[in-house]
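# Structural overview for review
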Amino acid sequence: MRRWRALALPALLVTLLALMTGCSLGSSPKPAATATTAVSSQLSSTPIATTAASPASAGSATPVTGAAVASAASASQVTVTATAPKPTATRVPASPTPWGSPLPTLAAGQQYQDPQARFSFTIPGNWSQVQAAGAEVAFQSPAPQGGVPATVNVVLEKLPSASVSLDDYNQAGEANLKQQFPDYKQISLSKVIVDGHPAYKRLYTATIAGRLLELQQVYFIDHDTAYVISCGATQDTFATYAPVFDQITGTFHLGVQ
């Protein structure tokens, strides 16, 4: 399987090593919520009951035979009626399953616009931009003296061609994670929407420099470019930052606004 770099060293180690050294990661694109499931309808047809004769087709009756002919000998006229067929339910095709839903957005903050006008997003006003090798941009949260800040970064990767699928990229990324981090453990993998693009959101833990970290990566493909948004914090503080990670990612847009 082809292993692309974004989900291996730049997006992951940039994030993890930044946490270890106090540097911060780049900005994060807009995430999306968990995927929804379409509800399919199941229809069944009921046999049509008749009194005198079963209809051969809708609106017609079969000829009367047997006992009906015998009773006709003693009656001046025999009227034969057939029960009209019940309308048959029309099978409605199931609606296509939506990929996912957008994440909530940050109500206020500072907007970052990529100098090359490739993307933009909003970050909390008290977060600081820092340098992070391998990332397009990186931000970190305030942290107490000696504490480890939360980080967000954006990594862009040029793919071999526009034919690389998101599922292929996802599988290659997981293979890289398992190779890079022996104790890699996936927490969840969900389908989300980022700025109208189908994306994956992966939560996992890994030990870096002797510290157990929890990370969130949201990634999608636009033409021949993969966009990877990595957010990280120590495992004991991740839950505190998780809503902010989602809200930051929820403001991500391709181009600048």
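Calculation notes
Residues numbered from 1 in each chain as written. Predicted model: local features only at pLDDT ≥ 70, side-chain atom pairs only at ≥ 80, totals over all residues. Heavy atoms only, no water. Helix = DSSP H or I, 4+ residues; strand = E, 2+ residues; numbered from the N terminus. Buried < 20%, exposed > 50% of the residue type's maximum accessible area, 1.4 Å probe, protein only. Contact = heavy atoms within 4.5 Å. Areas by Shrake-Rupley, 256 points an atom, 1.4 Å probe, with all protein chains shown as cover. Phe/Tyr/Trp six-rings, centres within 6.5 Å; stacked < 30°, edge-to-face > 60°. Lys NZ or Arg CZ within 6 Å of the ring centre and 35° of its normal. Expected span 1.5 Å × (residues − 1). Arc of directions from axis to C-beta. Salt bridge = Lys/Arg side-chain N within 4 Å of Asp/Glu carboxyl O. Core = buried A, V, L, I, M, F, W, Y, C linked by side-chain atoms within 4.5 Å. pLDDT = per-residue confidence, 0-100.

With that out of the way, let us pick up the overall build of the protein. For the protein, the helix and strand inventory stands at four helices and 13 strands. With 257 residues in all, the protein has 43% of them scored as buried. Across the protein, the fraction of contacts at a sequence separation of at least 24, relative to all contacts at a separation of at least 6, is 67%. Approximately 13200 Å² of the protein is accessible, and the part contributed by carbon and sulfur atoms is 53%.

Attention shifts here to the packing of aromatic side chains. By the definition in use, this model includes 16 aromatic pairs. Summarising the aromatic geometry, the rings of phenylalanine 119 and phenylalanine 252 are spaced 5.6 Å apart at their centres and angled 25 degrees between planes, so their arrangement reads as stacked. In this pair, phenylalanine 119 sits in strand 5 (residues 119-123) while phenylalanine 252 sits in the loop between helix 4 (238-249) and strand 13 (253-254), placing the two residues 133 residues apart along the sequence. Across this residue pair, the class does not change: phenylalanine 119 and phenylalanine 252 are buried. Relative to phenylalanine 245, the ring of phenylalanine 238 has its centre 5.5 Å away and its plane inclined at 55 degrees; by these criteria the two rings are tilted. Take phenylalanine 238 and phenylalanine 245: they sit in the same class, and that class is buried. In this structure an aromatic cluster arises from ring pairing among Tyr112, Phe119, Phe121, Phe139, Phe220, Tyr227 and Phe252. Positioned over the ring face of tryptophan 99 is lysine 191, at 4.4 Å from the centre of the ring.

End to end, helix 3 (residues 166-180) covers 21 Å across 15 residues, agreeing with the expected 21 Å (1.5 Å per residue, within 8%). Those residues of helix 3 lying buried are Leu166, Tyr169, Asn170, Ala172, Gly173, Asn176 and Leu177. Seen end-on, helix 3 carries its buried residues on one side only, within an arc spanning 165 degrees.

Side-chain pairing between opposite charges can occur once the charged atoms of the two side chains come close. One pass over the structure, following the stated rule, counts five salt bridges. Ionic pairing is found between arginine 118 and glutamate 136, a salt bridge with its closest N-O pair at 2.8 Å. Of this pair, arginine 118 sits in the loop between strand 4 (110-113) and strand 5 while glutamate 136 sits in the loop between strand 6 (128-130) and strand 7 (137-140), and the two are 18 residues apart along the sequence. The class of glutamate 136 is partly exposed, set by a relative accessible area of 31%. A cluster of three or more residues bridged by salt bridges with shared partners is formed by Asp114, Arg118 and Glu136.

Take the nonpolar core next. Soluble, globular proteins show a tendency: their nonpolar side chains are buried together. With 28 residues, the main nonpolar core has Phe119, Phe121, Trp127 and Phe245 as its most contacted residues. Elements with a contribution of two residues or more to this core: strand 5, strand 7, strand 8 (151-158), strand 9 (185-194), strand 10 (197-208), strand 11 (211-222), strand 12 (225-234) and helix 4. Element by element, the count of residues in this core is highest for helix 4, at five residues.

In this section: the confidence of the model for the protein. With 62% of its residues at a pLDDT of 70 or more, the protein shows a mean pLDDT of 73. Below a pLDDT of 50 lies the segment residues 22-82, which in the model reaches 136 contacts outside its immediate sequence neighbourhood of four places, other chains included.

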